[in-house]
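Okay, here's what each chain looks like letter by letter:
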Amino acid sequence: MFPGESLKLPSIGGKTRQAKLHLLHNATDETIERIDVTDEKTHDSTLFKTGSWLQGRLVLFDRAYFKYRRFALIDENDGYFVSRLKENANPLITEELREWRGRAIPLEGKQIHDVVDDISRKYIDVEVEAEFKRGQYEGTRSLDTKRFRVVGVRDSDADDYHLYITNLPRDEFFPEDLATLYRCRWEVETLFRELKTQYELDEFNTSDPDVVKILLYAALLSLLVSRELLDLVTEQADDEIVFPPERWAATFRSHAQLILQELGEYLGYSPPPLLERLIEDAQKIHQQRPILQETLATATQPRCES
């Protein structure tokens, strides 16, 4: 599950105030499980609610959603999470989950960011203890602690570590597995890019908030139809054929009119007669307002007769 990064929509109502779109994206079946539209001041993470729905699910967070209490609640609801560790988060290391030979610097009893610059091992894999405040109860918020796992995967290009915090067990997920899992979050980036480039969510030519909402939901419905049709096409195509999501999105948009026509015929909807539609839409409505050709003909008629 990917809580989608918010997408700022164009200003509406002639004001500088903007709206934000928030999505909860299920990478397993390429569906969008939740959609929220808020004002620009609403923080992304406030829309992510914990609960029993998290049981057995894995959520990948970026640092905007980082909160120890949230991680604790996910764990207590039998869910799983992976998040980048914030730079100002400095939990206490309680145990090393991997033994290192030789003169390795002991990490137990130290805080993670205090030692990360002093070591050069390929991976860091430790248990940490974090302190946080529970939710408010009878007017007070009690302090609590929870143990999580912190993994560091060395980035040789930048000569530092990418640090992740998780509750996934070490015997099933090695450090490189967590780094690979987290890279799947890139899918939500391509999802928002598709909404911008194919459905023009950043180019509303209107200042009417209601029209903006209509265009927004029309784009999201088009996206959902596109993904459903992609599943159908994938089932019908040969196994070795690959459909890159962004290329598929462009193909779907270019064939949208044909798809609608096929769908209309399948559902038994007859399109209106083309000639009647052209006559109805193109005729002059204001009888007292001459068009240019009429004005020109009237002005030149006396000269032609003389």
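Values in this document were obtained by computation on a predicted structure and should not be read as measured data. (Residues numbered from 1 in each chain as written. Predicted model: local features only at pLDDT ≥ 70, side-chain atom pairs only at ≥ 80, totals over all residues. Heavy atoms only, no water.)

1. A look at the side chain of Arg149
And step 1. Tracing the sequence through the fold places Arg149 in strand S9 (residues 143–155).
And step 2. Exposure remark for Arg149: the relative accessible area of 5% places this residue in the buried category.
And step 3. Side-chain polar atoms of Arg149 contact the side chain of Asp125, separated by 2.9 Å. (Helix = DSSP H or I, 4+ residues; strand = E, 2+ residues; numbered from the N terminus. Buried < 20%, exposed > 50% of the residue type's maximum accessible area, 1.4 Å probe, protein only. Polar contact = N/O pair within 3.5 Å; in protein donor to acceptor, adjacent residues only side chain to side chain.)

2. Some points on the packing of aromatic side chains
And step 1. Taken as a whole, this structure holds 11 aromatic pairs when the rule is applied.
And step 2. An aromatic cluster of three or more residues is present, and its members are Phe48, Trp53, Phe61, Tyr65, Phe66, Tyr68, Phe71, Phe81 and Phe148. (Phe/Tyr/Trp six-rings, centres within 6.5 Å; stacked < 30°, edge-to-face > 60°.)

3. A word on the pairing of strand S8 (residues 123–133)
And step 1. Sheet analysis places strand S7 (residues 92–96) next to S8, joined by four bridges and oriented antiparallel. Within S8, the position partnered with Glu95 by the bridge is Glu127.
And step 2. The pairing of S8 with S9 spans 11 bridges and is antiparallel. By the bridge assignment, Phe132 is partnered in S9 with Asp144. (Pairing = 2+ DSSP bridges.)

4. Details of unusual backbone geometry
And step 1. Here the phi dihedral of Asp78 falls at roughly 60°; this positive angle occurs in a residue that is not glycine.
And step 2. Tracing the backbone shows Asp78 in the loop between helix H1 (68–76) and strand S6 (80–84).

5. Section: the nonpolar core
And step 1. Judged by nonpolar contacts, the single largest core of 30 residues is most densely connected at Tyr68, Ile124, Phe148 and Ile165.
And step 2. Listing elements by their share of this core, those giving two or more residues are strand S5 (58–61), H1, helix H2 (112–115), S8, S9 and strand S10 (160–166).
And step 3. Among the elements that take part in this core, S8 stands out by supplying five residues, more than any other.
And step 4. For Phe148, the residues in contact, after removing those within four places along its chain, are Tyr68, Phe71, Ala72, Phe81, Val126, Glu127, Val128, Ala130, Ile165 and Thr166.
And step 5. Counting residues in each nonpolar core, the second largest holds 16 residues, with Leu191, Phe192, Leu195 and Phe252 among its members. (Core = buried A, V, L, I, M, F, W, Y, C linked by side-chain atoms within 4.5 Å. Contact = heavy atoms within 4.5 Å.)

6. Points about the environment of Lys122
And step 1. Checked against the element boundaries, Lys122 lands in the loop between H2 and S8.
And step 2. On the basis of relative accessibility, which here comes to 54%, the residue Lys122 falls in the exposed class.
And step 3. Sequence separation of Lys122 and Tyr161 is 39 residues, and the distance between their C-alpha atoms is 8.9 Å.
And step 4. For Lys122, the residues in contact, after removing those within four places along its chain, are Trp100, Gly152, Val153, Arg154 and Tyr161.

7. Notes on the pairing of S6
And step 1. Within S6, four of the five residues are buried, which leaves the element mostly enclosed by the surrounding structure.
And step 2. Sheet analysis places S5 next to S6, joined by four bridges and oriented parallel. Among the inter-strand pairings, Val59 is bridged to a residue of S6, identified as Phe81.
And step 3. Between S5 and its parallel partner S6, the chain crosses via H1, and the hand of that crossover is right-handed. (Right-handed = clockwise from strand over helix to strand, strands pointing away.)

8. Description of a nonpolar patch on the surface
And step 1. Together, Leu260, Leu263, Tyr266, Leu267 and Tyr269 give the surface a local cluster of nonpolar side chains, amounting to about 640 Å² of exposed area.
And step 2. Within the secondary structure layout, Tyr269 lies in the loop between helix H7 (256–267) and helix H8 (274–282).
And step 3. Looking at Tyr269, the relative accessible area reads 60%, which means it is exposed. (Patch = residues over 30% accessible without salt bridge, like charges linked within 9 Å, V, L, I, M, F, W, Y side chains within 5 Å. Areas by Shrake-Rupley, 256 points an atom, 1.4 Å probe, with all protein chains shown as cover. Salt bridge = Lys/Arg side-chain N within 4 Å of Asp/Glu carboxyl O.)

9. Describing the pattern of salt bridges
And step 1. Under the definition given, this model contains 12 salt bridges.
And step 2. The shortest N-O distance in the salt bridge between Asp125 and Arg149 comes to 2.9 Å. Here the residue Asp125 occupies a position in strand S8, and Arg149 occupies one in strand S9, the gap between them amounting to 24 residues. Summarising the burial analysis for this pair, Asp125 and Arg149 share the class buried.
And step 3. By sharing partners, the salt bridges in this structure join Asp75, Glu76, Arg134, Asp144 and Lys146 into a single network.

10. Observations regarding helix H3 (residues 175–183)
Given 3.6 residues to a turn, an α-helix orients residues that are three or four positions apart in the same direction.
And step 1. Every buried residue of H3 is listed here: Pro175, Leu178, Ala179 and Tyr182. When H3 is viewed along its axis, its buried side chains cluster within an angular range of 100° and face the same direction.
And step 2. Elements in contact with the buried residues of H3: S5, S6, S8, S9 and S10. (Arc of directions from axis to C-beta.)

11. Digging into a negative patch on the surface
And step 1. A grouping of Asp114, Asp117, Asp118 and Asp160 is seen on the molecular surface, where their side chains present a negatively charged patch.
And step 2. Structurally, Asp114 can be placed in helix H2. (Lys, Arg positive; Asp, Glu negative; His and termini not counted. Charge placed at Lys NZ, Arg CZ, Asp CG, Glu CD.)

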